[in-house]
Amino acid sequence: MADPRILFDPVDLGGFALKNRIAMAPMTRSFSPGNVPGEDVAAYYRRRAEGEVGLILSEGVSTNTVTATGTPNVPNIVTDEAKAGWKRVIDEVHGAGGKMGLQLWHEGPFRNPAKSQHPDAPSWSASGIKVPGKALWEPMSEAEIETAITEFVDAAVAAKDLGFDCVEFHGAHSYLIDSFFWDQTNLRTDKWGGGWEGRTRFACEIIRRTRAIAGPGFPLIIRLSQWKQQDFGAKTAATPQEMEQWLAPLVEAGIDIIHMSQRRFWEPTFEGSDLNDAGWAKKLTGKPAISVGSVGLSGEFTAAYSGEASEPASLDRLIEKMERHEFDLIAVGRALLQDPDWAIKIREQRRGDLKTFTKDALATLY
Ligand SMILES: Cc1cc2nc3c(=O)[nH]c(=O)nc-3n(C[C@H](O)[C@H](O)[C@H](O)COP(=O)(O)O)c2cc1C
């Protein structure tokens, strides 16, 4: 196995100093009854800080209590009780020497009204489309767009006021922000649709207004994905030129870090280059980028770690990409959900101690 030391080098992302290059990927856990993160959730994040994760990204956190969420027991950042819950989380994480950002989430067209406390509320999205070709609802009105932007900004400012080190806007996976980016779900002909300038405007307004209130020293991350829940093979940007048109307005609006959600980090984005989505984001914008996708999951990987097979290809490839500075951080999801000490075990090369991710881990807060 290649030397994993590069993963543990400190890194400075434009003034945002982190002790290593491992981030915890945002993962919805649905362990917040009443939409309030409790002591168990605080302890869960604290364990990742104790486990030496460089940057913890929270599960998706709802930006309002009505249209934003249909997933039960998802925390919000709106009510006083929820804010108090998040204060406890960040204090615990800081107490263990960690850094953490809240991921701000509006489920948009993927909200499940039947599971929501407000089943009759409208589902918000750019053009009322969940599956391309079929509008299910009215496009968002100008007033609804304004409200949604304000709610994202308020949520980000609330996170900053509570002491979080950064925020991440969830602009991936077909949720509200992403419904504006993708030309299959944004058919608007007004200023919120059309070309890249129109389709990025919703995200840019959120970023610009947050920056204006939060000031320059508070890192703003956006999570994006080429793939969609409706279509894993989709590409929001079909070429590097299109990706540049997608990302440049976000940078101009004030985004600091781009987090490209990919299902397998080693897959190249465009023909003719082995750069992945985060690699392209960094190359095209010069901004720090976070990659993600199946780190520590493959059968070969775990087999190799128990000494039964050849070197673990996925970690070798990750180290190679890190050493080339293709991207700056690697987010780890399921491996860290299973085991809060995953990073320490990788650093200490304790191969035999690594745990295999199983679905049972979803039912508990290890
Ligand atoms: C249980 C679970 C919940 C997730 N919830 C979120 C979420 O709230 N926000 C988000 O952006 N991604 C979410 N994801 C995607 C992860 O952030 C990550 O991109 C994905 O799991 C791939 O990384 P991995 O292969 O290391 O697990 C979730 C993934 C899992 C497994």
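Here, the structure is the one placed above.
The rules behind each value
Residues numbered from 1 in each chain as written. Predicted model: local features only at pLDDT ≥ 70, side-chain atom pairs only at ≥ 80, totals over all residues. Heavy atoms only, no water. Helix = DSSP H or I, 4+ residues; strand = E, 2+ residues; numbered from the N terminus. Rg over C-alpha atoms; globule rule 2.2 N^0.38 Å. Buried < 20%, exposed > 50% of the residue type's maximum accessible area, 1.4 Å probe, protein only. Contact = heavy atoms within 4.5 Å. Near = heavy atom within 4 Å. Polar contact = N/O pair within 3.5 Å; in protein donor to acceptor, adjacent residues only side chain to side chain. Areas by Shrake-Rupley, 256 points an atom, 1.4 Å probe, with all protein chains shown as cover. Nonpolar A, V, L, I, M, F, W, Y, C, P; charged D, E, K, R; others polar. Pairing = 2+ DSSP bridges. Axes fitted to C-alpha atoms, helices over the stretch in contact; angles between N-to-C directions. Salt bridge = Lys/Arg side-chain N within 4 Å of Asp/Glu carboxyl O. Phe/Tyr/Trp six-rings, centres within 6.5 Å; stacked < 30°, edge-to-face > 60°. Lys NZ or Arg CZ within 6 Å of the ring centre and 35° of its normal. Expected span 1.5 Å × (residues − 1). Arc of directions from axis to C-beta.

> Tell me about the overall build of the protein, residues and numbers included.
Helix and strand content of the protein: 12 helices and 10 strands. Its C-alpha atoms give the protein a radius of gyration of 20 Å, within 12% of the compact-globule value 21 Å for 366 residues. Each principal axis of the C-alpha atoms in the protein carries an extent, and together these give about 60 × 50 × 40 Å. When burial is assessed residue by residue, the protein has 57% of its 366 residues classed as buried. Once local pairs closer than 6 in sequence are excluded, the contacts in the protein between residues at least 24 apart make up 72%.

> Give a description of the site of the ligand that names residues and reports values.
What surrounds the ligand is a group of 17 residues, the closest being P26, T28, R223, S294 and R334. A distance of 3.0 Å separates an oxygen atom of the ligand from a polar side-chain atom of H170. One of the backbone nitrogen or oxygen atoms of G333 is found 2.8 Å away from an oxygen atom of the ligand. Burial of the ligand by the protein chains amounts to 84% of its free accessible area of 600 Å². A breakdown of the residues in the shell around the ligand according to their chemical character gives seven nonpolar, eight polar and two charged.

> Quick rundown of the sheet that holds strand 5 (residues 100–105)? Include the residues and the values.
Overall, parallel pairing links the eight strands, which are arranged 3-4-5-6-7-8-9-10 in a closed barrel. On average, each strand axis in the sheet is tilted by 25 degrees relative to the strand beside it, whichever way the strands run. In this sheet, strand 10 (residues 329–332) lies alongside strand 3 (residues 22–24) in parallel orientation, the contact comprising three bridges. Residue I22 lies in a different strand from strand 10, and its bridge partner there is I330. Of the strands in this sheet, strand 6 (166–171) and strand 7 (220–224) touch helix 6 (residues 201–214), which is tilted by about 165 degrees from strand 7.

> Please set out unusual backbone geometry residue by residue, giving values where relevant.
Although it is not a glycine, N35 sits at a positive phi angle of roughly 65 degrees. When you line up the elements, N35 lands in the loop between strand 3 and helix 1 (39–50).

> Tell me about the pattern of salt bridges, residues and numbers included.
Overall, the coordinates contain 23 salt bridges when judged by the stated rule. Here D190 ties to R188 by a salt bridge, and the two come within 2.8 Å at their closest N and O atoms. Judged by relative accessible area, which is 12%, R188 ranks as buried. The residue R324 makes a salt bridge to E326 at a minimum N-O spacing of 2.9 Å. Through salt bridges that share partners, E146, E205, R208, R209 and E252 make up one connected network.

> Give me the packing of aromatic side chains: which residues, what numbers.
Counted by the stated rule, this structure contains 12 aromatic pairs. Here the aromatic rings of W105 and Y175 are separated by 5.2 Å at their centres, their planes lie at 85 degrees, and the arrangement is edge-to-face. Pair noted here: W105 is in strand 5 and Y175 is in the loop between strand 6 and helix 4 (176–181), with a separation of 70 residues, a long-range link. Judged by relative accessible area, Y175 falls into the buried class, the value being 13%. When the ring of F110 is compared with that of Y175, the centres are 6.2 Å apart and the planes differ by 80 degrees; the resulting orientation is edge-to-face. Taken together, the residues F110 in the loop between strand 5 and helix 3 (142–162) and Y175 in the loop between strand 6 and helix 4 connect sequence positions 65 residues apart. Relative accessible area serves as the criterion here: at 17%, F110 is assigned to the buried category. Aromatic rings pair up to connect Y44, Y45, W86 and F164 into one cluster. Lying over the aromatic face of W196, R199 brings its terminal NZ or CZ to 4.3 Å of the ring centre.

> Can you break down the environment of D274 residue by residue, with the values?
Residue position: D274 is located in the loop between strand 8 (257–260) and helix 8 (277–285). Given a relative accessible area of 45%, D274 falls into the partly exposed group. With 47 residues separating them along the chain, D274 and K321 place their C-alpha atoms 9.8 Å apart. Sequence-distant contacts of D274, defined by excluding residues within four places in its chain, comprise P268, K321, R324 and E326.

> Outline helix 8, listing residues and values.
Where helix 8 is concerned, the buried positions are D277, A278, G279, W280 and A281. Packed against the buried residues of helix 8 are helix 7 (240–253), strand 8 and strand 9 (289–292). Two or three places before A278, at the opening of helix 8, N276 has a side-chain oxygen 3.0 Å from that residue's backbone nitrogen.

> Run through helix 2 (residues 80–95), naming residues and quoting values.
Helical geometry: 3.6 residues make up each α-helical turn, so side chains three or four residues apart lie on a common side. Taking 1.5 Å of rise per residue, 16 residues should cover 22 Å, and helix 2 covers 22 Å from first to last C-alpha, within 8% of that figure. Where helix 2 is concerned, the buried positions are A82, G85, W86, V89, I90 and V93. For helix 2, the angular spread of the buried residues around the axis is 135 degrees, confining them to a single face. Exposed side of helix 2, more than 90 degrees from the buried face: D80, E81 and G95 are the residues found there. Against the buried residues of helix 2 lie helix 1, strand 4 (55–62), strand 5 and helix 3. A positive backbone phi angle near 80 degrees is found at G97, which sits one or two residues after helix 2.

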